Amino acid sequence: MSRKTTLYLVRHCEAEGNWRRTFQGHTDSEVSDKGRRQLEKLAQRFAPIHLDAVYSSPLKRAVATAQAIDRAAGLPIRLEPDVIEINGGRFEGVPFADLPRLFPVEQEAWERHPEAFVAPGGESMAQVYARMQAAIARIVATHPGETVAVASHGCAIRNYQCYACGWDLSRLNELGWSDNTAVSKFEFEEGDPHPRILYLSDASHLGEGDSTLATQSWWKQAPQPGLPEALRPKQEGKA
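No experiment lies behind these values; they were computed from the predicted model shown. (Residues numbered from 1 in each chain as written. Predicted model: local features only at pLDDT ≥ 70, side-chain atom pairs only at ≥ 80, totals over all residues. Heavy atoms only, no water.)

Enquirer: Where do I start with the pairing of strand β2 (residues 53-56) in this structure?
Expert: The side chains of a regular strand alternate, first on one face of the sheet and then on the other. Burial of β2 is two-sided: the residues Ala-53 and Tyr-55 facing one way and the residues Val-54 and Ser-56 facing the other way are all buried. Here β2 pairs with strand β4 (residues 147-152) via four bridges, running parallel. Counterpart to Tyr-55 in the pairing with β4 is Val-150. Of the pairings in the sheet, the one linking β2 to strand β3 (residues 77-79) comprises three bridges and is parallel in character. Paired with Tyr-55 across the two strands is Arg-78, which belongs to β3. Note that the unit made of β2, helix α3 (residues 60-69) and β3 has a crossover that is right-handed. (Buried < 20%, exposed > 50% of the residue type's maximum accessible area, 1.4 Å probe, protein only. Helix = DSSP H or I, 4+ residues; strand = E, 2+ residues; numbered from the N terminus. Pairing = 2+ DSSP bridges. Right-handed = clockwise from strand over helix to strand, strands pointing away.)

What follows is the structure in structure tokens.
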């Protein structure tokens, strides 16, 4: 009988680059005061959820997030380098407001043509898409029939969500951005690396005062027609 693996993919808490609006990438930013409040809410969300394993990107904002997820379970946190954020190369640490002036071609690709984006001196979006798919498939294969949580990053998670939808990178912008500590939930049949999506980017554990995106406007876009209603964020238990 096939065993199903459940995977929670969680964006890290708010860090310095999120509220300063600088490109974080591999920059190992400190967790903000709001980020610490988000972690408390996240720990409460995961307290009643049985977990068999917890993985994290090696960056400290993700490790802090994994520790909050793991607070009730008390499992060893396994570092997985391949779920780290995109390597931004020369984008690293640059305010988003300055990117169009400093890197107009690359910034245009980042905003409008993600399938063509290559960070100057860093990674391409295609590399992130491939390594996230491979990393999650490897984690799931290690835990047949179990429940696993993975703490990762906004761009990396968005790439995996795109893969989970069955889309190539040309459709990445049909997915919105996750709030900090937002949770996506997937289910895998044993031996099948492609997931069933239960929900995407749910941040219902946060009040508006603890949301990062609620205080910013850069992410607000007209609704995209490509994302089916069934894939829009849902609360736990309502998938």
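Enquirer: Sorry if this is basic, but what is going on with the side chain of Thr-5 here?
Expert: Looking at where Thr-5 falls in the secondary structure, it is placed in strand β1 (residues 4-11). For Thr-5, the side chain forms a polar contact with the main-chain nitrogen of Gly-145, separated by 3.1 Å. When sequence neighbours within four positions are dropped, the list of residues in contact with Thr-5 reads Val-140, His-143, Pro-144, Gly-145, Glu-146, Phe-186, Glu-187 and Phe-188. (Polar contact = N/O pair within 3.5 Å; in protein donor to acceptor, adjacent residues only side chain to side chain. Contact = heavy atoms within 4.5 Å.)

Function-wise, these values are silent; they only describe arrangement.
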